[in-house]
Protein chains: 2
Amino acid sequence: MADYKSRLSFYADEFNAYAEAQTESLLSKEPSSFGSELMVEAMKYSLITSGKRIRPALCLEFCRLCSGDYRQAMPLALAVETVHTYSLIHDDLPCMDDDDYRRGKLSSHKKFGYANALLAGDALLTLAFEIIASCDLDDGKKVRAAKILSSAAGYRGMVAGQVMDLRNESVKADLECVELTDELKTGEMIRASGLLGCAAAGEYGEKADAAESFCGKIGLAFQIVDDILDVEGSSEELGKAVGSDEKNDKSTYVSLLGVEKAKALALSLTDDAVKALDVFGSEADFLRELAYGLVERKK
Amino acid sequence: MADYKSRLSFYADEFNAYAEAQTESLLSKEPSSFGSELMVEAMKYSLITSGKRIRPALCLEFCRLCSGDYRQAMPLALAVETVHTYSLIHDDLPCMDDDDYRRGKLSSHKKFGYANALLAGDALLTLAFEIIASCDLDDGKKVRAAKILSSAAGYRGMVAGQVMDLRNESVKADLECVELTDELKTGEMIRASGLLGCAAAGEYGEKADAAESFCGKIGLAFQIVDDILDVEGSSEELGKAVGSDEKNDKSTYVSLLGVEKAKALALSLTDDAVKALDVFGSEADFLRELAYGLVERKK
């Protein structure tokens, strides 16, 4: 278990160093203006944090498992985390979940104001595609990456999940609807993280299918655990408000199944996910441990 | 003059037919959900309108002027209009300009609610890059197009202009600041429209420079005329509220120079813009007439 945590930290540290260097370099680009300076400040505020960096770690590790150097996948890891960060900023806005805290800090709109937070989210989403288009990968890999990311993040992926998530607060949802919501809202971007790592290594075959299957399943398990922590966790540990699902009367796995059955489901999804890793043999032990570690996480 | 209007209509009709067919096809893609259906409806509501389609026309015409078939550039024309449409939806939100009408219809948040309008904007921005990544152009052109669009739309382009535009309501801006605001907010996406047309034709040299110069200048002139119409136009003709700049006490060319001097500046910018078209000879007469037509427009 120590192994998986140290490699996760290694990836997070490498990623953070890269993300800081890249965001530092943003201000050296023309044209510069008061507007671009404020946007860089707001983007950095939300992007450079103490997050777990699960998505970057999956991207980097799947690149390595597909015989690539994990550093090749760094721009794609940054792109996926940039999109994830934009979605958190917009999710926290008063018209959405209206959360004042995120990752232990004031949320973007509390810090920069409503309009600037909205625009910082827009800027991050746009930046993700600029990062992909401008990186050192060959054009074929860039186009593949842009397809994966836009499809996962867009109207039939993450955004569709957010629409459904909001509706689940006003309309009683059944288990099937909650599953689809979570697959789209959370699963799609985690699935994309693995696929992007494969794309960086030029792998589009059997191993990419395995990555997609593994990441899709742990993505759903991840959201179930998130819902459990919203009931059982402390806001101090999580760095954000808890109890929001109950307060919003939102249908979740926990409200529909209870905590114990939800936990069992997350574990069973993880068992399934891990089976997809067979094609990688013992090389994938980090991901096996990570998958179970995520189910048992307390924050 | 009749000529320029008929070609502009031709491009608008071709573009609208393409945009409708493309958005119709969105729902046939998996995964489909309540969320994706609502997003497609909201995206179509804002995208399929009676807009002037200036940006698509510039994109298509510059492709033709660079020895391409204008139809090659259609996906890039759609991408740029998709980004433009997202920016209008977010601009109209209560936390931004708080406008209830756009292009003669209820604005997106009045029709679909605040959160869904926010998400529809996000979905459109993401879709723009999916359109580019999935179209029939070769990978090199796609990457070039994604670079042009992300750079023009992002934190040091259009978004920076929106940040500055909002600030110009609370802080008295001088002429230099207003110029930079308008260049970024409006000019960048119009500049990108021309460059995208060149990119579709594989033209990155002298002609692309000419397109950039022409479009950058008419983009600024376009915004100046917009500000004039906000004072002189009727909301019936424009399909949106007028007098909003004065109501918001916003610094604009008109508030700083007065209507007459602002008109003269727009005309002089257009004279300069048209000079950049020399490299295309008489083939560019449509653009010359379009440029002067935009200065004289009443809506």
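Residues numbered from 1 in each chain as written. Chains lettered and ligands numbered in written order. Predicted model: local features only at pLDDT ≥ 70, side-chain atom pairs only at ≥ 80, totals over all residues. Heavy atoms only, no water.

*Asks:* Just checking my understanding: could you explain the overall build of chain A for this structure?
*Replies:* A count of helical and extended segments in chain A gives 15 helices and two strands. For 299 residues, the compact-globule formula gives about 19 Å, and the C-alpha radius of gyration of chain A, at 18 Å, lands near that figure. Each principal axis of the C-alpha distribution contributes one length, and for chain A these read about 55 × 50 × 35 Å. Looking at chain A as a whole, 61% of its 299 residues are labelled buried. Across chain A, every contact between residues at least 6 apart in sequence was considered, and the portion connecting residues at least 24 apart equals 73%. On chain A, roughly 11,200 Å² of surface is accessible, and the fraction owed to carbon and sulfur atoms is 47%. (Helix = DSSP H or I, 4+ residues; strand = E, 2+ residues; numbered from the N terminus. Rg over C-alpha atoms; globule rule 2.2 N^0.38 Å. Buried < 20%, exposed > 50% of the residue type's maximum accessible area, 1.4 Å probe, protein only. Contact = heavy atoms within 4.5 Å. Areas by Shrake-Rupley, 256 points an atom, 1.4 Å probe, with all protein chains shown as cover.)

*Asks:* I'm lost on the environment of Tyr292 of chain A in this one. Help?
*Replies:* All names here are of chain A. Looking at the secondary structure, you find Tyr292 in helix H15 (residues 285-295). By relative accessible area, which is 25% here, Tyr292 ends up partly exposed. Measuring from C-alpha to C-alpha, the distance between Tyr292 and Thr252 comes to 21 Å, with 40 residues separating the pair along the chain. Apart from residues no more than four positions distant in its own chain, Tyr292 is found in contact with Leu267, Thr270, Asp271 and Val274.

*Asks:* Would you explain helix H7 (residues 139-153) of chain A in this entry?
*Replies:* Each turn of an α-helix holds 3.6 residues, which means side chains three or four residues apart point in the same direction. With 15 residues, H7 of chain A extends 21 Å from end C-alpha to end C-alpha; this agrees with the ideal 21 Å at 1.5 Å per step. Looking only at H7 of chain A, the buried set comprises Lys141, Lys142, Val143, Ala145, Ala146, Ile148, Leu149, Ser150, Ala152 and Ala153 of chain A. Tucked inside the fold, the buried residues of H7 of chain A contact helix H4 (74-92), helix H6 (114-134), helix H8 (158-167) and helix H9 (175-200) of chain A together with helix H6 (114-134) and helix H7 (139-153) of chain B. By the N-cap criterion, in which a side-chain oxygen at the helix start approaches the backbone nitrogen of a residue two or three places on, H7 of chain A is capped by Asp138 of chain A, the distance to Gly140 of chain A being 3.1 Å. (Expected span 1.5 Å × (residues − 1). Polar contact = N/O pair within 3.5 Å; in protein donor to acceptor, adjacent residues only side chain to side chain.)

*Asks:* Before we go on, may I ask you to explain the confidence of the model for chain A in this structure?
*Replies:* Keep in mind that low pLDDT regions are not for reading the predicted coordinates in detail. In this model, chain A carries a mean pLDDT of 94, and residues with pLDDT of at least 70 account for 99%. Here the complex is predicted with pTM 0.96, and the ipTM for its interfaces comes to 0.96. (pLDDT = per-residue confidence, 0-100.)

*Asks:* I keep staring at helix H4 (residues 74-92) of chain B and nothing clicks. Help me out?
*Replies:* In this model, H4 of chain B (19 residues) spans 27 Å end to end at C-alpha, consistent with the 27 Å of a helix rising 1.5 Å per residue. Burial analysis of H4 of chain B places 19 of its 19 residues in the buried class, which makes it a mostly covered element.

*Asks:* Please clarify how the state of the cysteines should be interpreted in this entry.
*Replies:* Disulfides are covalent bonds that link the sulfur atoms of two cysteine residues. Residue and element names in this part refer to chain B. Under the counting rule described, the total for this entry stands at zero disulfides over all chains. Not engaged in a disulfide, the cysteine Cys63 finds its nearest cysteine sulfur in Cys59; these two sulfurs lie 7.1 Å apart. For Cys63, a relative accessible area of 0% translates into the label buried. (Disulfide = S-S within 2.5 Å.)

*Asks:* Got a minute to help me understand the relation of the copies chain A and chain B in this structure?
*Replies:* Taken together, a rotation about one axis and a shift along it account for how the two chain copies relate. Here chain A sits on chain B after a turn of 180° about the axis and a move of 0.0 Å along it, with an RMSD of 0.0 Å. The transformation relating the two chain copies, once decomposed into turn and shift, fits a two-fold axis. Relative to the rotation axis, the closest C-alpha in chain A is found at Asp139 of chain A, a distance of 2.9 Å. A share of 100% of the interface residues of chain A reappears at the interface of chain B, consistent with the copies meeting face to face through the same patch. (Least-squares fit on C-alpha atoms with pLDDT ≥ 70 in both.)

*Asks:* I'm lost on the environment of Lys44 of chain B in this one. Help?
*Replies:* With respect to the secondary-structure elements, Lys44 of chain B resides in helix H2 (residues 34-47). Along the backbone, Lys44 of chain B and Leu60 of chain B are 16 residues apart, and their C-alpha atoms lie at a distance of 21 Å.

*Asks:* Is there a simple way to explain the packing of aromatic side chains in this structure?
*Replies:* Given two aromatic rings, their pairing is described by the distance between the two centres and the angle made by the two planes. The full count for this structure, using the stated rule, is 16 aromatic pairs over all chains. Seen from their ring centres, Tyr114 of chain A and Tyr114 of chain B are 5.8 Å apart, and the 5° between their planes marks the pair as stacked. Here Tyr114 of chain A, found in helix H6, pairs with Tyr114 of chain B, found in helix H6, and the two come from separate chains. An aromatic cluster is built from Phe10, Tyr11, Tyr70 and Phe286 of chain A, whose rings are joined through pairwise contacts. A cation over an aromatic ring shows up here: Arg297 of chain A above the ring of Phe222 of chain A, its NZ or CZ 3.9 Å from the ring centre. (Phe/Tyr/Trp six-rings, centres within 6.5 Å; stacked < 30°, edge-to-face > 60°. Lys NZ or Arg CZ within 6 Å of the ring centre and 35° of its normal.)

*Asks:* Got a minute to help me understand the interface of chain A and chain B in this structure?
*Replies:* Put simply, an interface is often sized by how much accessible area is lost when its parts join up. The interface of chain A with chain B comprises 53 residues on the first partner and 53 residues on the second. Each partner contributes to the roughly 4,500 Å² buried at the junction of chain A and chain B, and carbon and sulfur atoms together form 75% of this total. By the criterion of area lost to chain B, the three top residues of chain A are Thr126, Tyr155 and Arg156 of chain A, representing 17% of everything that side buries. Inspection of the region where chain A meets chain B yields two salt bridges. For Arg156 of chain B, the salt bridge goes to Glu130 of chain A, with nearest N and O atoms at 2.9 Å. (Buried area = accessible area lost by both parts, 1.4 Å probe. Salt bridge = Lys/Arg side-chain N within 4 Å of Asp/Glu carboxyl O.)

*Asks:* I keep staring at the pattern of salt bridges and nothing clicks. Help me out?
*Replies:* Any two side chains of opposite charge can pair, so long as their charged atoms come close to each other. Enumeration over the complete set of coordinates arrives at 34 salt bridges over all chains. Notably, a salt bridge pairs Arg64 of chain A with Glu283 of chain A, separated by 2.9 Å at the nearest N-O pair. In this pair, Arg64 of chain A sits in helix H3 (residues 54-65) while Glu283 of chain A sits in the loop between helix H14 (259-275) and H15, placing the two residues 219 residues apart along the sequence. In this structure Arg64 of chain A comes out as partly exposed when scored by relative accessible area, which is 24%. Overall, Glu283 of chain A belongs to the partly exposed group, its relative accessible area being 46%. Note that Arg103 of chain B and Glu81 of chain B form a salt bridge whose closest N and O atoms lie 3.4 Å from each other. Highlighted residues: Arg103 of chain B in the loop between strand E1 (101-102) and strand E2 (105-106) and Glu81 of chain B in helix H4, separated in sequence by 22 residues.

*Asks:* Mind showing me how you'd approach the side chain of Asn116 of chain B here?
*Replies:* Relative to the helices and strands, Asn116 of chain B resides in helix H6. Residue class for Asn116 of chain B comes out buried when judged on its relative accessible area of 17%.

*Asks:* Even after reading the chapter, I still don't get the packing of helix H10 (residues 206-232) of chain B against helix H15 (residues 285-295) of chain B, so can you show me in this structure?
*Replies:* When two helices pack together, their arrangement is given by the angle between the helix axes and the distance between those axes. Residues and elements named next belong to chain B. It is the contact of H10 with H15, at a shortest axis distance of 9 Å, that shows an interaxial angle of 20°. On the basis of their axis angle, the class for H10 and H15 is roughly parallel. The hand of the H10/H15 crossing is left-handed. Along its contact with H10, which presents Phe214, Ile218, Phe222 and Val225, the element H15 presents Leu287, Ala291, Leu294 and Val295. Residues of the contact of H10 with H15, tallied by class, amount to eight nonpolar, no polar and no charged. (Axes fitted to C-alpha atoms, helices over the stretch in contact; angles between N-to-C directions. Parallel < 35°, antiparallel > 145°, perpendicular 65-115°, else oblique. Left-handed = near helix turned anticlockwise from the far one by under 90°. Nonpolar A, V, L, I, M, F, W, Y, C, P; charged D, E, K, R; others polar.)

*Asks:* Is there a simple way to explain unusual backbone geometry in this structure?
*Replies:* Apart from glycine, the bulk of residues carry a negative phi angle, and the bulk of peptide bonds sit in the trans form. In this chain, Glu30 of chain A is followed by Pro31 of chain A through a cis amide linkage whose omega measures -15°. On the secondary structure map, Pro31 of chain A appears in the loop between helix H1 (2-26) and helix H2 (34-47). In the Ramachandran plot, Ser67 of chain A falls in the positive-phi region, its phi being about 70° despite a non-glycine side chain. Following the sequence through the fold, Ser67 of chain A ends up in the loop between H3 and H4. Residue classification places Ser67 of chain A among the exposed positions, given a relative accessible area of 68%. Here Arg53 of chain B, not a glycine, exhibits a phi torsion of approximately 60°, which is positive. Mapped onto the fold, Arg53 of chain B is located in the loop between H2 and helix H3 (54-65). The exposure class of Arg53 of chain B is buried, given its relative accessible area of 3%.

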